[in-house]
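Chain and residue survey
This is what each chain is made of:
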Amino acid sequence: MSFSSDPAKSPQSFLREYPYWLPPALIVLVLSLIYLNPFIGDWDGLDYTIFSLHGRPSSMALGRSLFTLFNFVLFKFAHATFGLRPEQAYLLFKFVVVAQTPLAIVAIWILARDLSGSQRAATIAALLVAFSPTLVIYSGQVMTDVPSVLFTAAALAVHLRGVKQKRVGLIIAGAALLGLGVNLRETVGLYFPWLLFAPFVGGWKVDRRTIVAILSSLLVFFIIAIGPFAIWFASSPAYRTEWHTWLSSMQREAGRHPITLAGFWPFFVYSFMTAPLIVVALPFAIWKEWRERGLTPMLTAAASGLFATAMLFFNYSTTINWRYFLTGLPALAPMVGDFYFRIQKRRFGSDRWAFVSALVGIVLIAILLGILIRPKSNEYFNRLALAKTYDETLRQIPPDAVVIAGAQTIAVQYWRGIGAGEWGWIGVGAGWPTGQLESRIAEHLKAGRRVFIDVDPRWWLPCSWHVSEIKELTQIEPHFHFKQVATNLYEIRPLEDQSAKDQPHLENLLPEKRPEEVQKCFDSG
């Protein structure tokens, strides 16, 4: 089967090309449903759900307002039409992300086809992303990662179409889409070099029209990227307070995870886990493209994706979380897909057999990854899903109590956010009062607030930066009395309260008491 590969000459070819783009889209949809998170997903997703219900941008970074406000409108419609309750809203938000996942793969296929001129190479590129463990796992969560991939690929495809057809309107439209993508995840903004260099690489003359088009696209991009955040920041004192609180917590968190050369190892591991075949082949693909074709739009796109990925190193989060590495995939996959197709074509001398052999290799690697990752992903899903029933624990304490719940701090925030109570919390991570835990508890008790601690080991991982928190937690035991409320739930009382004589045995949370769990840590230092 053969179709025209020039989108400028055949704008209606897309529907006729469904044998190429539909299978990757269906595959990723099936995988999304197989690996569907049983609840909301990653801890940030609980935050996003709360902000979406209240129609507010997130306090993180530039607010991710396109995500939260779009979800807010969806919820209001579903609530008015179908009576959807707040505690059910996450289902709506989650399945919208599921629906966007095959769209993201189709957008990557279109971008790869337009860059490579080959439907088969585009299908290989789309499958490389469709089988990304990170994409699959986050496709079933209330998170911004998959929508940002969709907007990045769509923006680059529209902008590329403008470059190839020399249409300023499409250039501006692509820049606008890229700016909107920043309002889903700020890392999308790292693609701004594409807006600057793509027209020149695409054959535009260095003249006034080109300069005006590029500057206009950059202006539109930055206005749309930063504008919504600037409006909220200027108009809402409450949002400014929340944002400064977030900024302060991130500065403390960054201090706990300094950027050093040692960070290259987790950086590489997470990048590799996100897309193994892309990471392995990328250096060879770039070299082959440069040597045989020179500076092409496809090489420029790959360079943009590589730049966006490299810049992630300067954010401490990339040494503790792998989802950020989806950032570069939309621009890296076309180059690698074309590379795999071409080397297989040289080997077999036939487009058809080159295509089939490449597909077989990708599928086999994907099956192997699935076998290796499935047990870990199940463990990860099950741990996150426990937030779904954490309200049962919270019902056992006063609705205005202060809770120390380790990893379930975000669950406390979630159930408070949907109106189940008014709990306060002493959080972990950026919210942990390093060196001041004892005094913070004493302050709450002196103010008449009851304080409870959940010592369930599942909420206190004996790994990496969690260890310092656990050690400080164990040090408070001699300074307070404890009263057991449930199996793992204790009320913290002043030493003067002689009626509270239960022993929480906080030392059992220490890593040396949990060697089997420590062995599972990626970095237990």
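Residues numbered from 1 in each chain as written. Predicted model: local features only at pLDDT ≥ 70, side-chain atom pairs only at ≥ 80, totals over all residues. Heavy atoms only, no water.

**With respect to the overall build of the chain**
For the chain, the helix and strand inventory stands at 22 helices and 5 strands. Relative to a compact globule of 525 residues, whose C-alpha radius of gyration would be 24 Å, the chain shows 25 Å and is just as compact. C-alpha extents for the chain along the principal axes are approximately 85 × 50 × 50 Å. Every one of the 525 residues in the chain was classed for burial, and the buried ones make up 55%. Of the contacts formed within the chain by residues at least 6 apart in sequence, a portion of 72% connects residues at least 24 apart. Roughly 23000 Å² of accessible area belongs to the chain as shown, and the carbon and sulfur atoms make up 65% of that amount. Charge separation in the chain, taken as the distance between the mean sites of 47 positive and 37 negative side-chain charges, equals 12 Å. (Helix = DSSP H or I, 4+ residues; strand = E, 2+ residues; numbered from the N terminus. Rg over C-alpha atoms; globule rule 2.2 N^0.38 Å. Buried < 20%, exposed > 50% of the residue type's maximum accessible area, 1.4 Å probe, protein only. Contact = heavy atoms within 4.5 Å. Areas by Shrake-Rupley, 256 points an atom, 1.4 Å probe, with all protein chains shown as cover. Lys, Arg positive; Asp, Glu negative; His and termini not counted. Charge placed at Lys NZ, Arg CZ, Asp CG, Glu CD.)

**A closer look at the environment of Leu368**
Position of Leu368 among the secondary structure elements: in helix H17 (residues 351–385). Along the chain, Leu368 and Leu277 lie 91 residues apart, while their C-alpha atoms are 12 Å from each other.

**Section: the sheet that holds strand S3 (residues 451–454)**
Taken in spatial order, the 5 strands of this open sheet run S2-S1-S3-S5-S4, and their pairing is mixed. Across the chains shown, the open sheet's two edge strands, defined by having one partner strand only, are strand S2 (424–425) and strand S4 (481–484). Bridge count for strand S1 (residues 402–404) against S3 is 3 bridges, and the pairing is parallel. Among the inter-strand pairings, Val402 is bridged to a residue of S3, identified as Val451. (Pairing = 2+ DSSP bridges.)

**Brief notes about the confidence of the model for the chain**
On average, residues of the chain carry a pLDDT of 88, and 93% of them reach 70 or more. Confidence drops under pLDDT 50 across residues 1–5; counting only partners more than four residues distant or on other chains, this segment forms 15 contacts. (pLDDT = per-residue confidence, 0-100.)

**A short note on helix H6 (residues 119–130)**
Between its first and last C-alpha, H6 extends 16 Å over 12 residues, near the 16 Å set by a 1.5 Å rise per residue. Of all 12 residues in H6, 12 are buried; the element is thus mostly enclosed. Capping of H6 at its N-terminal end is provided by Ser118; its side-chain oxygen lies 3.3 Å from the backbone amide nitrogen of Arg120. (Expected span 1.5 Å × (residues − 1). Polar contact = N/O pair within 3.5 Å; in protein donor to acceptor, adjacent residues only side chain to side chain.)

**Points about the pairing of strand S5 (residues 489–493)**
Judged by how many residues are buried, S5 sits mostly within the fold: 4 of 5 residues are covered. Both S3 and S5 contribute to a ladder of 4 bridges, which runs antiparallel. Paired with Val451 across the strands is Ile492, a residue of S5. For S4 and S5, the ladder comprises 4 bridges, and the chain directions are antiparallel. Paired with Phe482 across the bridge in S5 is Ile492. The hairpin turn running from S4 into S5, its antiparallel successor, is 4 residues long.

**Here we look at the nonpolar core**
Formed by 149 residues in total, the largest nonpolar core has its most connected members in Ile124, Tyr414, Ile441, Ile453, Leu473, Ile476 and Ile492. It is helix H5 (residues 89–116) that provides the largest number of residues to this core, a total of 13 residues. (Core = buried A, V, L, I, M, F, W, Y, C linked by side-chain atoms within 4.5 Å.)

**Considering the side chain of Thr300**
Secondary-structure assignment places Thr300 in helix H15 (residues 297–311). If near-sequence neighbours (up to four positions away) are discounted, Thr300 is found in contact with Trp194, Phe197, Val201 and Leu295.

**Brief notes about unusual backbone geometry**
The backbone of Ala61 shows a phi angle near 50 degrees, a positive value even though the residue is not glycine. As for its placement among the helices and strands, Ala61 is situated in the loop between helix H3 (43–54) and helix H4 (65–82). Using a relative accessible area of 16% as the deciding quantity, one classes Ala61 as buried. For His505, which is not a glycine, the phi torsion comes out positive at approximately 50 degrees.

**Points about the packing of H3 against helix H19 (residues 409–417)**
Relative to each other, H3 and H19 sit at 15 degrees, their axes nearing to 9 Å. By the criterion of interaxial angle, the relationship of H3 to H19 is roughly parallel. Relative to H19, H3 is oriented so that their crossing is left-handed. Of H19, the residues touching H3 (which contributes Trp43, Leu46, Asp47, Thr49, Ile50 and His54) are Ile410, Ala411, Gln413, Tyr414 and Gly417. (Axes fitted to C-alpha atoms, helices over the stretch in contact; angles between N-to-C directions. Parallel < 35°, antiparallel > 145°, perpendicular 65-115°, else oblique. Left-handed = near helix turned anticlockwise from the far one by under 90°.)

**Description of the packing of aromatic side chains**
On inspection of all chains with the given rule, the structure shows 26 aromatic pairs. Taking 4.5 Å as the distance between ring centres and 5 degrees as the angle between the ring planes, the aromatic pair formed by Phe14 and Trp21 counts as stacked. By relative accessible area, Phe14 is classed as partly exposed at 23%. Put simply, the rings of Phe229, Trp232, Phe233, Tyr239, Trp243 and Trp246 touch in pairs and so form one group of aromatic residues. Sitting above the plane of the Phe355 ring, Arg120 keeps its charged end 5.9 Å from the centroid. (Phe/Tyr/Trp six-rings, centres within 6.5 Å; stacked < 30°, edge-to-face > 60°. Lys NZ or Arg CZ within 6 Å of the ring centre and 35° of its normal.)

**Section: the packing of H15 against helix H16 (residues 329–348)**
At a minimum axis separation of 7 Å, H15 and H16 run at an interaxial angle of 130 degrees. The angle between H15 and H16 places the two elements in the oblique class. When you trace H15 past H16, the crossing you get is left-handed. For the pair formed by H15 and H16, the contact residues are Met298, Leu299, Ala301, Ala302, Gly305, Leu306 and Thr309 on the first element and Ala331, Leu332, Pro334, Met335 and Asp338 on the second. Here the contact of H15 with H16 is built from residues that sort into 9 nonpolar, 2 polar and 1 charged. (Nonpolar A, V, L, I, M, F, W, Y, C, P; charged D, E, K, R; others polar.)

**Section: the environment of Gly203**
Relative to the helices and strands, Gly203 is located in the loop between helix H10 (192–201) and helix H11 (208–235). Gly203 sits 87 residues away from Trp290 along the chain, and the two C-alpha atoms are 17 Å apart.

**Observations regarding H4**
Look at H4: 25 Å from first C-alpha to last across 18 residues, which is about the 26 Å you get at 1.5 Å a residue. Of the positions making up H4, those classed as buried are Ser65, Phe67, Thr68, Asn71, Phe75 and Ala78. Its buried side turned inward, H4 meets H3, H5, helix H8 (145–165) and H11. Where H4 terminates, the next one or two residues include Gly83, which has phi positive at roughly 75 degrees.

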